[in-house]
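What the coordinates show
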Amino acid sequence: MDRALYLSMNGASQAMRAQTIHANNLANASTTGFQADLAQARSMAVYGPGMPSRVYSMTENPGTDFTRGPLQQTGNSLDMAVKGEGYIAVLAPDGSEAYTRAGDLQLGVFGELLTGSGLPVLGNNGPVVLPPHENVEFGADGMVSVRELGQGAQVLAAIDRIKLVNPQPQELVKGTDGLMRRIDGGETPADAQVELASGYLEGSNVNVVDSMVEMISLARNYEMNVKFMQTVQQNSESSARLLQIQ
């Protein structure tokens with residue numbers, strides 16, 4: 001009786017954890033450059049004194065969906081989308097190098113190039129900082145050029161190059177802040193093959209329909225386990241009454 005109760009309780013709790021992962025994906029269905037989290041469950045034996053006669057289910061996040069989201073044209077010169085594979089290198093709040101595909105860039109009050117969430121964009125020698133200028137242009141290779149104050153319309157000065165990287169998926173891990181980092185904690189060298197598309201943003205790669213269907217399936221799974229726990233309780237009460245009769 002206790003084994004059945006344990007299994008159903010564990011199944012219900014793991015269904016709730018899986019729902020949390022899918023709910024987070026749905027909440028970021030419109031987030032620029034968001035990459036969905038994956039969820040899976042597997043059976044694990046309970047080891048201890050004696051034979052491992054019991055099992056429990058374990059929901060885990062095996063990785064990230066690296067499918068690329070759709071490109072959306074915005075016409076904003078500060079919006080950047082990575083063409084194909086690759087990432088934009090940024091400076092994370094903890095001072096480490098991190099990677100993102102969210103190219104909704106903006107300029108800070110001191111001319112620093114920032115992501116939409118306020119993270120400094122890295123260049124060849126640290127964060128990219130622009131001098132006072134009248135116009136800024138971005139090349140497909142990440143080159144940042146500006147027309148400084150008082151200069152002619154055709155006079156552009158190359159300031160820096162946005163660091164574009166292309167690490168392998170197995171080398172990356174996604175943090176709770178949504179940024180990708182190297183598993184070994186190191187830095188990835190710039191890759192000249194990665195290109196940017198100016199005036200575009202990459203949308204989220206979350207498939208809303210699939211996520212909703214999975215949420216419904218998990219909800220039914222949770223209800224089934226709760227009903228099973230109620231059945232176990234009823235059987236236990238019936239057994240107790242039979243023993244009282246004896």
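The following paragraphs examine the structure supplied in this document. Given the structure is predicted, the values throughout are model-derived calculations rather than measurements.

Details of a nonpolar patch on the surface
- On the surface, Tyr6, Leu7, Met9 and Val46 cluster together to form a nonpolar patch covering roughly 300 Å² of accessible area.
- Its location among the elements puts Val46 in the loop between strand E1 (40-45) and strand E2 (55-60).
- For Val46, a relative accessible area of 31% corresponds to the partly exposed category.

Comments concerning the layout of surface pockets
- Computed from the structure, the largest pocket encloses a volume of approximately 540 Å³.
- Lining the largest pocket are 27 residues, with Phe34, Lys174, Asp177, Gly178 and Leu179 sitting closest to its centre.
- When grouped by side-chain class, the residues that make up the lining of the largest pocket number eight nonpolar, 14 polar and five charged.

Side note on the environment of Phe66
- Within the fold, Phe66 resides in the loop between E2 and strand E3 (71-73).
- Residues Phe66 and Ser77 lie eleven residues apart in sequence; the distance between their C-alpha atoms is 26 Å.
- In this structure, Phe66 is in contact with Gln35, Tyr87, Pro169, Leu172, Met180 and Asn205, ignoring residues within four places of it in sequence.

Concerning the environment of Leu119
- Turning to its location among the elements, Leu119 is positioned in the loop between strand E8 (113-114) and strand E9 (122-123).
- The exposure class assigned to Leu119 is buried, which follows from its relative accessible area of 13%.
- Between the C-alpha atoms of Leu119 and Gly33, which are 86 residues apart in sequence, the distance is 14 Å.

Some remarks on the sheet that holds strand E12 (residues 143-148)
- The strand order E11-E12-E13 describes an open sheet built from three strands, whose pairing is antiparallel. One side of each edge strand has no neighbouring strand; the edge strands of this open sheet are strand E11 (133-138) and strand E13 (157-161). Strand-to-strand, the axes of this sheet are offset by a mean angle of 25°, without reference to chain direction.
- Of the strand pairs in this sheet, E11 and E12 are connected by five bridges, and their pairing is antiparallel. Counterpart to Phe138 in the pairing with E12 is Val144.

Rules of the game
Residues numbered from 1 in each chain as written. Predicted model: local features only at pLDDT ≥ 70, side-chain atom pairs only at ≥ 80, totals over all residues. Heavy atoms only, no water. Patch = residues over 30% accessible without salt bridge, like charges linked within 9 Å, V, L, I, M, F, W, Y side chains within 5 Å. Areas by Shrake-Rupley, 256 points an atom, 1.4 Å probe, with all protein chains shown as cover. Salt bridge = Lys/Arg side-chain N within 4 Å of Asp/Glu carboxyl O. Helix = DSSP H or I, 4+ residues; strand = E, 2+ residues; numbered from the N terminus. Buried < 20%, exposed > 50% of the residue type's maximum accessible area, 1.4 Å probe, protein only. 1 Å grid on protein atoms, 1.4 Å probe; cavity = no way out; pocket = protein on both sides within 12 Å on 5 of 7 lines; lining within 4 Å. Points joined across faces, edges and corners; volume = space filled by probe spheres on them. Nonpolar A, V, L, I, M, F, W, Y, C, P; charged D, E, K, R; others polar. Contact = heavy atoms within 4.5 Å. Pairing = 2+ DSSP bridges. Axes fitted to C-alpha atoms, helices over the stretch in contact; angles between N-to-C directions.

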